[in-house]
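# Overview (structure and organization)
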Amino acid sequence: METKDQKRPETAETPIYGSDKMLTPAPEQYLPQMPTTGEIAYRMVKDETYAQTQPMLNFATFVTTYMDDYATNLMNEAININYIDETEYPRIAKMSGRCINILANLWHTPEKNQWKTGALAGGSSEACMLGGVAAWLRWRDKRKAAGKPYDKPNFVISTGFQVVWEKFAQLWQIEMRTVPLTREKTTLDPEAALKMCDENTICIVPILGVTWTGLNDDVEALDKALEAYNKKTGYDVPIHVDAASGGFIAPFLQPDLKWDFRLKWVLSISTSGHKFGLVYPGLGWVIWKDRQYLPSTMSFSVNYLGAEIAQVGLNFSRPAAQVLGQYYQFIRLGFKGYKDIQYNSMEVTRYAHSEIGKMKQFKNYSPDVVNPLFIWSLDDDYNKKAKWTLFDLQDKLQRSGWMVPAYTLPDNLTDIVVMRIVCRQGTSRDTIDMLLADIRSCVEELEKLEYPTETRISYEKGEKIKHRIFNHGGCRKEKK
Ligand SMILES: *Cc1c(COP(=O)(O)O)cnc(C)c1O
C-alpha cells in the first residue's frame, strides 16, 4: 500500500501511533513515494529492533557491548567525521598513528621509527586481509626477482580458522591449506603445518584465541619449528598471527607468553579493536614488525602531518569515531585498567567454566581457559542416552532472552555439538549466576522429555542438524 492513497496525511501534529504509516507494512522493495515525519520513521525502525536479543545478554558475540558514557559521547560526537579527510581532521590521523604505536609496542615491536608500521581497519577481517596481502606481495616480489613462477601461492592455517580466511583465499585466489584439528590435537600442530608448506607458501597463520574453542595456537613452538624448517629448505616462510581476540588478552594476562614480535618469524599481527580492545564496532588493527615488511605498493605515504604516516587500507571513507574510542580507552584505562578488566572477564569465564564442568550432563572441551570464552559439549556417557542436544538448550535459553550459541565443530570434529560462552566487559558475576540458573532449569526440563527432539533425531541419524542459522563469531557454516 502506497502513501499516495493515504486518507490521513501526516503532519507535525499526527500522533505516531495514530498515523496511517503505522498501519502500513514497512517498505521492503521500493522507496516509499512520500516522506513521513522523523518521529514516525524513527519509531518504525526502532520498534523493529525490540524483538532482538539485548546486546548484554548476547553471549555469542566477541564484540564490545559496553563503553562508559565519556567514550560513548566522544564517539557520538564524532559520528559525522570521515576518517579519510586527513587534511581537515589531521588530529584523528595522528591519534590513529598513536594507537598503532601503542599496540606495536605492547606487542614488542623492534621497529625504531617514530611512527610504527600498521593500519587502521574496519575489523579483524580487513586487518587479516591486509596482513595476508602483504605476505603474498612480499613473496611474489621475491619470486619475481628470482625469475621463478609466482602463480600458485598458498597459506597454511588450522581448520579452526575464522571465515575471513576463506574469504581471503577466495578473493585473492590464494590456496588455503588446512591442518586438521582433532580430539587429541586441539590447536595447530606445528609439524603438521610445516608438512603442508612449500616454496609457494606465503605465510602460516596461527590464531591467538581460536573462534571455535577459545584456545591459543602455540606460536612460539611454531616459530621454533619454522626456524629449523627455513634453515633446512632455504625458504623464508613467515608468520601472520590472527590475534583478533588474544591480541588484547595475552599482553595483559600472560605477559610472558611469547606469541608476538619477540618471535623471529612473526612479521605481522592483526587484532579487533572492537573485541577485547573494548571499543564499539567496527575497528581492527594490523601491525607489521617493521616498515620493510609492508610492501610499498600497499602503502600510500602522507607527509603533511609533520611526519611520514603510512596509509594502508581497503576502504577509502570510514568512520573516525572508533579511533577516538580506542585512543580514549588507552588513556582512560592504561595498562593497569586493561589488565583489571580482562582479569575480571577471565575470572567470570573461569567461574562459568567450573560451574558448567560440575554439571553431570556436561563436559568442558578443554580444562584450560586462556581467553574469556570456553566451549562445552554433552558428557560422553550422558550423550548416549540424552533425548536432546545443545541446540535445544540454545532454543530454550533464547526464550528467556539469552543468546548462547550451539554449533558443531569443524571438519573431523563435526559430530561434536558444543555450546559457547564469551564473557566481555559488562559480563558480571551476577549475570553469569542468572544465566547458570536458567541453564540448570532448562536442562531440568529437557531431562523430563519422553521422546527425542527433532535435533536429537537428526543427530542420531548423523544428519546435518536443521537449526536456525546465526552468526556465532564467524565459525564457518558447514559446507553444503
Ligand atoms: C572475530 C575474528 C575475526 C574477524 O574479526 P572481525 O573483527 O569480526 O572482522 C578473525 N579472526 C578471528 C580469530 C576472530 O575471532
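All of these numbers come straight from a predicted model, not from anything done at the bench.

### Observations concerning the overall build of the chain
Along its length, the chain carries 13 helices and 13 strands. Relative to the 2.2 N^0.38 estimate, which gives 23 Å for 480 residues, the radius of gyration of the chain is 25 Å and therefore close to what a compact globule would have. Based on the C-alpha atoms only, the size of the chain along its principal axes is roughly 75 × 65 × 45 Å. For the chain, long-range pairs separated by at least 24 residues make up 69% of all intrachain contacts whose partners lie at least 6 apart in sequence. For the chain, the computed accessible surface area is about 23,100 Å², with 53% contributed by carbon and sulfur atoms. With 59 positive and 59 negative side-chain charges, the chain shows a separation of 4 Å between the mean positions of the two kinds.

### A few points about the packing of aromatic side chains
On inspection of all chains with the given rule, the structure shows 16 aromatic pairs. Every member of this aromatic cluster is reached through a ring pair, and the members are F248, F252, F330, F335 and Y338. Note that R140 overlies the ring of W136, its terminal NZ or CZ placed 5.2 Å from the centroid. The ring of Y351 is capped by R429, whose NZ or CZ atom sits 3.7 Å from the centre of that ring.

### As for the site of the ligand
In the vicinity of the ligand, 13 residues are found, and the nearest of them are S124, S125, D242, H274 and K275. A distance of 2.6 Å separates an oxygen atom of the ligand from a polar atom in the side chain of S125. K275 is positioned such that a nitrogen or oxygen atom in its side chain is 2.8 Å from an oxygen atom of the ligand. Residue composition of the shell around the ligand, by class: three nonpolar, eight polar and two charged.

### A word on the sheet that holds strand 13 (residues 417–422)
Strand order in the open sheet formed by four strands is 10-11-13-12, with antiparallel pairing between adjacent strands. With partners counted over all chains shown, the strands left at the sheet margins are strand 10 (362–364) and strand 12 (406–408), one partner each. Between one strand axis and the next, the sheet turns through 40 degrees on average, direction left out of account. The pairing of strand 12 with strand 13 spans three bridges and is classified as antiparallel. When the bridges of strand 13 are listed, T408 appears paired with V417.

### Let's talk about the nonpolar core
One finds I204, V241 and W259 to be the most contacted residues of the largest nonpolar core, which totals 62 residues. Here the element with the most residues in this core is helix 9 (residues 321–358); it accounts for nine residues. When residues no more than four places from it in sequence are discounted, the contact partners of V241 are P206, L208, V219, W259, V266, S268, I269 and S270. Counting residues in hydrophobic clusters, the runner-up holds 40 residues, among them M129, L130, A135 and I416.

### Some remarks on unusual backbone geometry
Note the cis peptide between P281 and G282, where omega equals -5 degrees. As for its position among the elements, G282 is in the loop between strand 6 (266–272) and strand 7 (284–288). The residue Q173 is not glycine, and still its phi comes out positive at about 55 degrees. Considering the arrangement of structural elements, one finds Q173 in the loop between helix 5 (163–172) and strand 3 (175–179).

### A look at the pairing of strand 1 (residues 118–121)
Both faces of strand 1 are covered, namely the face carrying G118 and L120 and the face carrying A119 and A121. Here four bridges tie strand 1 to strand 7, and the two strands are oriented antiparallel to one another. Looking across to strand 7, one finds that A119 is bridged to V286.

### Considering the packing of helix 9 against helix 12 (residues 429–447)
Where helix 9 meets helix 12, the closest approach of the two axes is 10 Å, and the angle between their N-to-C directions is 20 degrees. Relative to helix 12, the element helix 9 is oriented roughly parallel. In the crossing of helix 9 with helix 12, the sense of the turn from one axis to the other is right-handed. Residues V348, Y351, A352, E355 and I356 of helix 9 lie in contact with helix 12, whose contacting residues are R429, I432, D433, L436, I439 and R440. Residues belonging to the contact of helix 9 with helix 12 are distributed by class as follows: seven nonpolar, no polar and four charged.

### Let's talk about the pattern of salt bridges
Under the counting rule described, the total for this entry stands at 25 salt bridges. Linking D47 and R43 is a salt bridge whose minimum nitrogen-to-oxygen distance equals 3.1 Å. With D47 and R43 both in helix 1 (residues 38–49) and four residues apart, this pair spans about one turn of that helix. The exposure class assigned to D47 is partly exposed, which follows from its relative accessible area of 28%. Between K336 and D340 there is a salt bridge whose closest N-O contact spans 2.9 Å. Placement of both K336 and D340 in helix 9 is noted, with a separation of four residues, approximately one turn of the helix. For K336, a relative accessible area of 53% gives the class exposed.

### Some words on the side chain of S124
In this fold, S124 is placed in helix 4 (residues 124–145). Among the polar contacts listed, one links the side chain of S124 to the backbone oxygen of T271, at a separation of 3.3 Å.

### Some thoughts on the pairing of strand 6
In terms of burial, strand 6 is a largely internal element, seven of the seven residues being buried. For strand 5 (residues 239–242) and strand 6, the ladder comprises four bridges, and the chain directions are parallel. Bridge pairing in strand 6 links D242 to S270. Two strands pair when backbone bridges link them, and strand 6 and strand 7 are joined in this way by five bridges, in the antiparallel orientation. Bridging across to strand 7, T271 finds its partner in W285.

About the cut-offs
- Residues numbered from 1 in each chain as written.
- Predicted model: local features only at pLDDT ≥ 70, side-chain atom pairs only at ≥ 80, totals over all residues.
- Heavy atoms only, no water.
- Helix = DSSP H or I, 4+ residues; strand = E, 2+ residues; numbered from the N terminus.
- Rg over C-alpha atoms; globule rule 2.2 N^0.38 Å.
- Contact = heavy atoms within 4.5 Å.
- Areas by Shrake-Rupley, 256 points an atom, 1.4 Å probe, with all protein chains shown as cover.
- Lys, Arg positive; Asp, Glu negative; His and termini not counted.
- Charge placed at Lys NZ, Arg CZ, Asp CG, Glu CD.
- Phe/Tyr/Trp six-rings, centres within 6.5 Å; stacked < 30°, edge-to-face > 60°.
- Lys NZ or Arg CZ within 6 Å of the ring centre and 35° of its normal.
- Near = heavy atom within 4 Å.
- Polar contact = N/O pair within 3.5 Å; in protein donor to acceptor, adjacent residues only side chain to side chain.
- Nonpolar A, V, L, I, M, F, W, Y, C, P; charged D, E, K, R; others polar.
- Pairing = 2+ DSSP bridges.
- Axes fitted to C-alpha atoms, helices over the stretch in contact; angles between N-to-C directions.
- Core = buried A, V, L, I, M, F, W, Y, C linked by side-chain atoms within 4.5 Å.
- Buried < 20%, exposed > 50% of the residue type's maximum accessible area, 1.4 Å probe, protein only.
- Parallel < 35°, antiparallel > 145°, perpendicular 65-115°, else oblique.
- Left-handed = near helix turned anticlockwise from the far one by under 90°.
- Salt bridge = Lys/Arg side-chain N within 4 Å of Asp/Glu carboxyl O.

The values are spatial; any link to function lies outside them.
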